[in-house]
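So the chains spell out like this:
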Amino acid sequence: MHKFFPFLILLSLIVSITHGCFFTVPWSVYVLSNIPGDIVAHIKSGDDDLGNHTIPFKGNYNWSFCSRGDHRTLFYGYFWWGSKFQSLDLFNKELEKFCSLNKAGRQDCYWWVRPDGFFVSPLNNTFSEFYWKFIKPWG
């Protein structure tokens, strides 16, 4: 039993290292839809293809990741709403600065997809447009 205990400690350490963000910041990105009907989003990075996701009216899609220490993390998306299309970066160096609240722990970045375009905010407050920065209209 005593020989098995160090193995369990080592195993739990390995699991925590592979699922934690050491020396980097953990981020969550949320895409919130205010589009009547469904939108389709395809989210990618240089390393990960998160696939196609159908987001219903008032629904959301989100994912989490560890940012790179050199601030070169990039996630981008392709969006379809009926015959409309748009592509844009959802997380990059500039958006990281904009969404960062200089708090300890996990940071969040929110995207609000509306009929007039794409807006980003560090706060999930869809009741006030004050916090939202317009980024791009539908193409």
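Our structure's up above, just so we're on the same page.
Everything in this summary refers to the structure shown in the same document. Just so it is clear, the model here is predicted, and its values are computed rather than measured.

Okay, the overall build of the chain next. Looking only at helices and strands, one finds two helices and nine strands in the chain. In the chain, the succession of helices and strands from N to C terminus is α-β-β-β-β-β-β-α-β-β-β. Within the chain, buried positions represent 37% of all 139 residues. A separation threshold of at least 6 residues defines the contact pool for the chain, and within that pool the share at least 24 residues apart is 52%. Carbon and sulfur atoms make up 60% of the accessible area of the chain, which amounts to about 8,600 Å² in all.

In space, the four strands of this open sheet follow the order 3-2-5-6, with antiparallel pairing throughout. Every interior strand has two partners, whereas the edge strands, strand 3 (49-55) and strand 6 (84-91), have only one. Taken pair by pair, the neighbouring strands of this sheet meet at an average axis angle of 20°, ignoring direction. Strand direction decides the pairing type here: strand 2 (residues 39-45) and strand 5 (residues 75-81), joined by six bridges, are antiparallel. Looking at the pairing, Val40 lines up with Trp80 of strand 5.

Time to look at the sheet that holds strand 9 (residues 133-136). Across a sheet, strands are paired by hydrogen bonds formed along the backbone, either parallel or antiparallel in direction. In space, the five strands of this open sheet follow the order 4-1-7-8-9, with mixed pairing throughout. The sheet terminates laterally at strand 4 (60-66) and strand 9, the two strands that pair on one side only. Here the strands of the sheet are splayed against their neighbours by 25° on average, with no regard to which way each runs. Sheet topology note: the strand 1 (residues 26-33)/strand 4 ladder contains seven bridges and is antiparallel. Considered in strand 4, the bridge of Pro26 is made with Cys66.

On to the nonpolar core, then. Within the largest apolar cluster, 25 residues are counted, with the highest numbers of intra-cluster contacts made by Ile39, Ile43, Trp63, Phe79, Trp111 and Trp138. Among the elements of the structure, strand 1, strand 2, strand 4, strand 5, strand 6, helix 2 (93-99), strand 7 (107-114) and strand 8 (117-121) are those that each provide at least two residues to this core. The contact partners of Ile39, leaving out residues within four places of it in the chain, are Ser33, His53, Thr54, Ile55, Phe79, Trp80, Trp81, Val113 and Trp138. If you look at the next biggest cluster of nonpolar residues, it comprises six residues, including Tyr30, Leu32, Tyr110 and Phe119.

It is worth spelling out unusual backbone geometry at this point. Phi angles above zero are rare outside glycine, and Phe23 is one such case at about 70°. Note that Phe23 resides in the loop between helix 1 (4-19) and strand 1. Its identity as a non-glycine residue notwithstanding, Lys58 has a phi of 70°, on the positive side. Mapped onto the elements, Lys58 comes out in the loop between strand 3 and strand 4.

On the secondary structure map, His71 appears in the loop between strand 4 and strand 5. The spatial distance from the C-alpha of His71 to the C-alpha of Thr24 is 9.4 Å, given a sequence separation of 47 residues. Sequence-distant contacts of His71, defined by excluding residues within four places in its chain, comprise Lys93 and Glu96.

Criteria and thresholds
Residues numbered from 1 in each chain as written. Predicted model: local features only at pLDDT ≥ 70, side-chain atom pairs only at ≥ 80, totals over all residues. Heavy atoms only, no water. Helix = DSSP H or I, 4+ residues; strand = E, 2+ residues; numbered from the N terminus. Buried < 20%, exposed > 50% of the residue type's maximum accessible area, 1.4 Å probe, protein only. Contact = heavy atoms within 4.5 Å. Areas by Shrake-Rupley, 256 points an atom, 1.4 Å probe, with all protein chains shown as cover. Pairing = 2+ DSSP bridges. Axes fitted to C-alpha atoms, helices over the stretch in contact; angles between N-to-C directions. Core = buried A, V, L, I, M, F, W, Y, C linked by side-chain atoms within 4.5 Å.

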